[in-house]
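Examination of the molecular architecture
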Amino acid sequence: MSDGILSKAATMEIPISSNGDTSSLPEDDGLEQDLQQVMVSGPNLNETSIVSGGYGGTAEGIIPTGTIKGSLVHPHPPRGPPVPPSAPAARRMARPAAAAAGSGLHPPPPGPPPGGEEVVRGIAVEKFDIVKKWGINTYKCTKQLLSERFGRGSRTVDLELETQIELLRETKRKYESVLQLARALTAHLYSLVQTQHALGDAFADLSQKSPELQEEFGYNAETQKLLCKNGETLLGAVNFFVSSINTLVNKTMEDTLMTVKQYETARLEYDAYRTDLEELSMGPRDAGAVSRLDAAQSQFQSHKDKYEKLRADVAIKLKFLEENKIKVMHKQLLLFHNAISAYFAGNQQQLEQTLKQFNIKLKTPGAEKPSWLEEQ
């Protein structure tokens, strides 16, 4: 009998109101359906609202649970799976949401897009692979370099190319010495010209203040001014020589040597992976060793292609550098010889003709820099 009473009580419809009196509430079929569903499966706190004055109260008395912060009201945990509200209940719940939107309340910001963790994880894995490859490559190259230094490992040598590279480095060192001496000569010539200019001004001043030696001081003043003018012409020629040698040494030769450094690095990597492949080839041939051998063969072929390409690039650049060096130095050495000879021979016309021959223009002292329209 008790079991029958409990089953009957479980299926009874219990009206709910603020005062326990159901006579004052209007009839609502949707409300009755919602109550039946709540009795069966329990309430869904995410879909309900707190009602002031009863479940069927006016819209002004409904307060959305999402807008209550720091409240002392603690909702009960759900007793079952969420049940979607009926159409009438949904309309009543939509009213306070619209009122909250009109009152200036903003919805919470959206969360991070889905898949963000996967993207970060992918980037981290990619960086880890790069560091791993770099570490393996550095280890192999260091091992190969130490083996070569201690005479234990073999080294690939191109005798003709190695001879040309060593000759280029020796030529660069000698040209750097010539460049340093030419710059020192330029500094001395500049000091000489400045001294001659000051001495000419002093002689000219004394010729005006010493009537008894006016003619002698005047001759020396004219001589120093002429020497000063010739010195400025020679200084322009030597500066042009220094600029051309500097471009040849620190740009053209340096560019070729940078390619040589890349070639030497590629040669070291090629020998390192060649040695690794040879060691694996002499080992056992189980399943794991075969896969490692295939990977080593692929890496060796890649570094071999890179090494051969850079070797060809170095050979071409060395050839072009030699042709360019001969052409540039032939012109610059001829300029230097003619300018120095004409200056110390006192041949002003030949000195000026030398500058015209090589299209060297001297800057007039105190002249302003031409505008960009004149330079076009």
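Residues numbered from 1 in each chain as written. Predicted model: local features only at pLDDT ≥ 70, side-chain atom pairs only at ≥ 80, totals over all residues. Heavy atoms only, no water.

Applying the stated criterion across every chain yields a total of 14 salt bridges. The closest approach of N and O atoms between glutamate 170 and arginine 173, which form a salt bridge, is 2.4 Å. Separated by three residues within a single helix, glutamate 170 and arginine 173 lie in helix α5 (residues 159-209), roughly one turn from each other. What you see here is one network of salt bridges that share partners, running through Arg267, Asp271, Arg274 and Glu278. (Salt bridge = Lys/Arg side-chain N within 4 Å of Asp/Glu carboxyl O. Helix = DSSP H or I, 4+ residues; strand = E, 2+ residues; numbered from the N terminus.)

Our next topic: the environment of lysine 361. In this structure, lysine 361 sits in the loop between α8 (348-357) and α9 (372-375). In this structure the C-alpha to C-alpha distance between lysine 361 and alanine 237, which are 124 residues apart in sequence, comes to 9.2 Å.

For helix α4 (residues 116-149), with 34 residues, the first-to-last C-alpha span of 50 Å sits near the 50 Å given by 1.5 Å per residue. Within the span of α4, buried status applies to Asn137, Lys140, Cys141, Gln144, Ser147 and Glu148. Looking at the buried side of α4, the elements it contacts are α6 (214-281) and α7 (287-344). At the C-terminal side of α4, glycine 151 shows a positive phi close to 75°. (Expected span 1.5 Å × (residues − 1). Buried < 20%, exposed > 50% of the residue type's maximum accessible area, 1.4 Å probe, protein only. Contact = heavy atoms within 4.5 Å.)

Every buried residue belonging to α8 is among Leu351, Thr354 and Leu355, and all of these are buried. Take α8 and look down its axis: the buried residues cluster within an arc of 95°, on one side only. Of the exposed residues in α8, those oriented more than 90 degrees away from the buried face are Gln349 and Lys356. Against α6 and α7 lie the buried residues of α8. Positive phi shows up at asparagine 359, right after α8, with a value of about 55°. (Arc of directions from axis to C-beta.)

Moving on: unusual backbone geometry. Backbone geometry at asparagine 359 places phi at a positive 55°, although glycine is not the residue there. One can find asparagine 359 in the loop between α8 and α9. Taking the relative accessible area as the measure of exposure, asparagine 359 reaches 67% and is therefore exposed.

The next point concerns the packing of α5 against α6. Following both chains from N to C, one finds α5 and α6 inclined at 160°, their axes separated by 7 Å at the closest point. As the angle between them shows, α5 and α6 are arranged roughly antiparallel. By crossing handedness, the relation of α5 to α6 is classed as left-handed. Across the contact of α5 with α6, the residue classes tally to 29 nonpolar, 15 polar and eight charged. (Axes fitted to C-alpha atoms, helices over the stretch in contact; angles between N-to-C directions. Parallel < 35°, antiparallel > 145°, perpendicular 65-115°, else oblique. Left-handed = near helix turned anticlockwise from the far one by under 90°. Nonpolar A, V, L, I, M, F, W, Y, C, P; charged D, E, K, R; others polar.)

Turning next to the side chain of aspartate 271. Looking at the element boundaries, aspartate 271 is found in helix α6. With a relative accessible area of 0%, aspartate 271 lands in the buried category. A polar contact of 2.5 Å, which involves the side chain of aspartate 271, links it to the side chain of threonine 156. Beyond its immediate chain neighbours, meaning those up to four positions away, aspartate 271 contacts Gln144, Glu148, Ser154, Arg155 and Thr156. (Polar contact = N/O pair within 3.5 Å; in protein donor to acceptor, adjacent residues only side chain to side chain.)

For the rest of this paragraph, the subject is the packing of aromatic side chains. Inspection of the entire model under this criterion finds six aromatic pairs. Aromatic side chains phenylalanine 241 and phenylalanine 336 sit 4.8 Å apart centroid to centroid with 40° between the ring planes, which places their arrangement in the tilted category. Taken as a pair, phenylalanine 241 in helix α6 and phenylalanine 336 in helix α7 lie far apart in primary sequence, 95 residues in all. Judged by relative accessible area, which is 4%, phenylalanine 241 ranks as buried. A relative accessible area of 27% places phenylalanine 336 in the partly exposed class. Summarising the aromatic geometry, the rings of tyrosine 270 and tyrosine 307 are spaced 4.9 Å apart at their centres and angled 5° between planes, so their arrangement reads as stacked. Of this pair, tyrosine 270 sits in helix α6 while tyrosine 307 is found in helix α7, placing the two residues 37 residues apart along the sequence. Pair check on accessibility: tyrosine 270 and tyrosine 307 agree, each one buried. Through pairs of rings, three or more aromatic residues link up here, namely Tyr263, Tyr270, Phe300 and Tyr307. (Phe/Tyr/Trp six-rings, centres within 6.5 Å; stacked < 30°, edge-to-face > 60°.)

Keep in mind these numbers describe shape, not what the thing actually does.
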